[in-house]
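# An overview of the molecular structure
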Amino acid sequence: MITDENFAKIKEIVCEILELEEEEVTTEGLFNEEYGADSLRAIEILGALEREFGVVIDQAELVRMTNLRGVYAVVAEIAGWAK
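Presented here is a report on the structure given in the accompanying data block. For clarity, every value in this text was computed on a predicted model and none was experimentally measured.

### Structural notes on the packing of aromatic side chains
Enumeration according to the criterion identifies three aromatic pairs in this entry. Here Phe-53 and Trp-81 contribute two aromatic rings whose centre-to-centre distance is 5.1 Å and whose plane-to-plane angle is 75 degrees, an arrangement assigned as edge-to-face. Placement of Phe-53 in helix α3 (residues 39–53) and of Trp-81 in the segment after α4 (68–79) is noted, with a sequence separation of 28 residues between them. Each of the two residues, Phe-53 as well as Trp-81, counts as buried. Joined through ring pairs, the aromatic side chains of Phe-7, Phe-53, Tyr-72 and Trp-81 make up one cluster.

### Points about α4
For α4, built from twelve residues, the straight-helix expectation of 16 Å at 1.5 Å per residue is met to within 8% by its first-to-last C-alpha distance of 16 Å. Every buried residue of α4 is accounted for by Leu-68, Gly-70, Val-71, Tyr-72, Val-74, Val-75 and Ala-76. The opening residue of α4, the one whose side-chain oxygen lies 3.2 Å from the backbone nitrogen of Arg-69, is Asn-67. Positive phi shows up at Gly-80, right after α4, with a value of about 75 degrees.

### Observations regarding the nonpolar core
By size, the foremost hydrophobic cluster in this structure holds 27 residues, and its most contacted members are Ile-10, Leu-18, Phe-31, Leu-49, Phe-53, Ile-57 and Val-75. At the level of secondary structure, the elements contributing two or more residues to this core comprise α1 (5–18), α2 (31–35), α3 and α4. With residues near it in sequence (within four places) discarded, Ile-57 still touches Leu-46, Leu-49, Glu-50, Met-65, Val-74, Val-75 and Ile-78.

### As for unusual backbone geometry
A positive phi angle is found at Glu-19, which is not glycine, with a value near 55 degrees. In this fold, Glu-19 is placed in the loop between α1 and α2. Assessed through its relative accessible area of 64%, Glu-19 is described here as exposed.

### So, the environment of Ile-10
For Ile-10, the location among the structural elements is in helix α1. Residue class for Ile-10 comes out buried when judged on its relative accessible area of 0%. Along the primary structure Ile-10 and Ser-39 are separated by 29 residues, whereas in three dimensions their C-alpha atoms are 18 Å apart. Other than its neighbours up to four places away in sequence, Ile-10 contacts Leu-49, Phe-53, Leu-68, Val-71, Tyr-72, Val-75 and Trp-81.

### Here we look at a negative patch on the surface
Taken together, Glu-21, Glu-22, Glu-23 and Glu-24 make up a surface patch of like negative charges. Position of Glu-23 among the secondary structure elements: in the loop between α1 and α2. Note on Glu-23: relative accessible area 68%, which makes it exposed.

The rules behind these values
- Every chain begins its residue count from 1, and numbering advances along the sequence as written.
- Local features are withheld for residues below a pLDDT of 70 in this predicted model, meaning they are given only at 70 or higher, and side-chain atom pairs are given and counted only at 80 or more; totals for whole chains, interfaces and linings count all residues.
- Hydrogens and water are ignored here; the side-chain numbers use all heavy atoms of the structure.
- In summary, the pairing rule links any two rings of Phe, Tyr or Trp, Trp by its six-membered ring, whose centres are within 6.5 Å, and it sorts them by plane angle into stacked for under 30 degrees, edge-to-face for over 60 and tilted for everything else.
- Going along the chain from the N terminus, every DSSP run of H or I of four or more residues is numbered as a helix, and every run of E of two or more is numbered as a strand.
- Throughout, exposure labels follow a simple rule: accessible area from a 1.4 Å probe, protein chains only, divided by the maximum for the residue type, with under 20% read as buried, over 50% as exposed, and the rest as partly exposed.
- A helix is expected to reach a length of 1.5 Å times the quantity of its residues less one.
- Under the rule applied, a polar contact is a pair of N or O atoms within 3.5 Å (in protein, one hydrogen donor and one hydrogen acceptor; residues adjacent in sequence only if both atoms are side-chain atoms).
- Definition of nonpolar core: a set of buried residues of the types Ala, Val, Leu, Ile, Met, Phe, Trp, Tyr and Cys, connected through side-chain atoms within 4.5 Å.
- Contacts are assigned to residue pairs with any non-hydrogen atoms lying within 4.5 Å of each other.
- To count toward a patch, a residue needs a relative accessible area over 30% and no salt bridge; like charges are then connected within 9 Å, while nonpolar side chains (Val, Leu, Ile, Met, Phe, Trp, Tyr) are connected within 5 Å.
- Residue exposure ignores everything except the shown protein chains as possible cover, and the areas themselves are Shrake-Rupley values with a 1.4 Å probe.
- Every case where a carboxyl oxygen of Asp or Glu lies within 4 Å of a side-chain nitrogen of Lys or Arg is listed as a salt bridge.
- In this charge count, Lys and Arg are treated as positive and Asp and Glu as negative; neither His nor the chain ends contribute.
- Taken as the charge location is NZ of Lys, CZ of Arg, CG of Asp or CD of Glu.

Encoded structure:
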């Protein structure tokens, strides 16, 4: 399990955009299949993450950003966080 403040912030952003309580969202839960997120919500998440962390995320990365673990991995890679 990934536990740090960056992960907590990512989860907060995702939950806010998907209009879910943080307890409802798991690390492996699929945004589309389990939480009903559409492509517009995915773009909203991407934009919010870019603003929050000061990074630029290519839309091609959306295929990897299907759950919290994937989102964290993409942002961590782009932001250069230690794994």
